[in-house]
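Letter by letter, the chains look like this.
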Amino acid sequence: MSLENTISEAIKTAMREKDRVALDSLRAVKSQILLLKTEAKGAEVSAEQEIAILQRMIKQRKDSFEQFAAQGRQDLAEVEEAQMKVIEQFLPKQLSLEELETEIKNIISETGAESIKDLGKVMGAASKALAGKSDGKSISEMAKKLLS
């Protein structure tokens with residue numbers, strides 16, 4: 001079942017349960033998918049594009065959460081955090097730090113990277129291989145740590 005269909009079913013469930021936070025989050029995801037479909041003139045949205053949408057939305061909420069928390073607006077920060085948790089349910093299982101380190105070590109050996117100068121090569125391969133399984137910031141930090 002595509003992400004769009006899964007989201008539609010989850011919206012129905014959230015409506016029945018009167019879960020306002022989940023409903024708002026899921027409607028935002030569906031809106032982004034429909035917007036992407038419109039831009040692509042009705043073409044199907046690939047799984048990679050769906051994952052990218054979810055990751056972008058989580059990143060936006062994480063940034064908002066940090067800003068609200070820094071400004072002492074816990075009420076708004078809690079809403080952003082709750083929406084982030086709802087959206088994360090639709091992403092593939094995220095890698096733990098140990099799993100991420102193992103994957104990046106494999107990518108470093110495959111690409112033949114030896115120093116921080118080869119970070120671009122490693123990041124290109126890692127971003128493709130680990131799409132949806134980890135965010136770009138975590139991948140970058142781990143790659144820098146292992147290459148330095």
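Shown above is the structure to which this text applies.
Since this is a predicted model, take the numbers as computed values, not measurements. (Residues numbered from 1 in each chain as written. Predicted model: local features only at pLDDT ≥ 70, side-chain atom pairs only at ≥ 80, totals over all residues. Heavy atoms only, no water.)

Caption draft 1: Representation of the nonpolar core. Counting 21 residues, the largest nonpolar core has I7, L26, V29, I33, L54, M57 and I87 as the members making the most contacts within it. Broken down by secondary-structure element, the contributors of at least two residues to this core are α1 (3-17), α2 (20-39), α3 (47-70) and α4 (74-88). The greatest single-element share of this core, amounting to six residues, is contributed by α2. Those residues in contact with L26, other than ones at most four positions away along the chain, are I7, A10, I11, A14, V86 and F90. (Core = buried A, V, L, I, M, F, W, Y, C linked by side-chain atoms within 4.5 Å. Buried < 20%, exposed > 50% of the residue type's maximum accessible area, 1.4 Å probe, protein only. Helix = DSSP H or I, 4+ residues; strand = E, 2+ residues; numbered from the N terminus. Contact = heavy atoms within 4.5 Å.)

Caption draft 2: Layout of the pattern of salt bridges. Summed over all chains, the structure comprises seven salt bridges. In this structure, K12 and E9 form a salt bridge, with 3.4 Å as the shortest nitrogen-oxygen distance. Placement of the pair is K12 and E9 together in helix α1, with a separation of three residues, close to one helical turn. The exposure class assigned to E9 is partly exposed, which follows from its relative accessible area of 40%. Between K105 and E101 there is a salt bridge; the shortest N-O distance is 3.5 Å. Within this pair, K105 and its partner E101 are both found in helix α5 (residues 97-111), separated by four residues, close to a single helical turn. According to the relative accessible area criterion, E101 is partly exposed, its value standing at 23%. (Salt bridge = Lys/Arg side-chain N within 4 Å of Asp/Glu carboxyl O.)

Caption draft 3: Region of the structure containing the layout of surface pockets. Quantified by volume, the largest pocket comes out at close to 480 Å³. Around the largest pocket, the lining comprises 19 residues; the ones closest to its centre are I58, K59, K62, D135 and G136. Listed by contribution, the elements that provide at least two residues to the lining of the largest pocket are α3, α5 and α7 (136-147). Considering each element in turn, the lining of the largest pocket owes the most residues, seven residues, to α3. Its residues assigned to classes, the lining of the largest pocket shows five nonpolar, six polar and eight charged. (1 Å grid on protein atoms, 1.4 Å probe; cavity = no way out; pocket = protein on both sides within 12 Å on 5 of 7 lines; lining within 4 Å. Points joined across faces, edges and corners; volume = space filled by probe spheres on them. Nonpolar A, V, L, I, M, F, W, Y, C, P; charged D, E, K, R; others polar.)

Caption draft 4: Seen up close, the side chain of E50. In this fold, E50 is placed in helix α3. It is K37 that comes nearest to the buried, bridge-free E50 among opposite-charge side chains, at 7.9 Å. The contacts of E50, once residues within four sequence positions are left out, are S2, L3, E4 and V45. (Lys, Arg positive; Asp, Glu negative; His and termini not counted.)

Caption draft 5: Structural context of the packing of α1 against α2. The interhelical angle for the contact between α1 and α2, taken along N-to-C directions, is 155°, at an axis separation of 9 Å. Between α1 and α2, the crossing angle belongs to the class labelled roughly antiparallel. In this structure, α1 crosses over α2, and the sense of that crossing is left-handed. Only A22, L23, L26, R27, V29, K30, I33, L34 and K37 of α2 make contact with α1, whose side of the interface consists of L3, E4, I7, S8, A10, I11, A14 and M15. Counted by class, the contact of α1 with α2 contains twelve nonpolar, one polar and four charged residues. (Axes fitted to C-alpha atoms, helices over the stretch in contact; angles between N-to-C directions. Parallel < 35°, antiparallel > 145°, perpendicular 65-115°, else oblique. Left-handed = near helix turned anticlockwise from the far one by under 90°.)

Caption draft 6: Broad picture of the environment of K85. Within the secondary structure layout, K85 lies in helix α4. Residue K85 is classed as partly exposed on the basis of its relative accessible area, which comes to 49%. With 24 residues separating them in the primary sequence, K85 and R61 have C-alpha atoms 9.8 Å apart.

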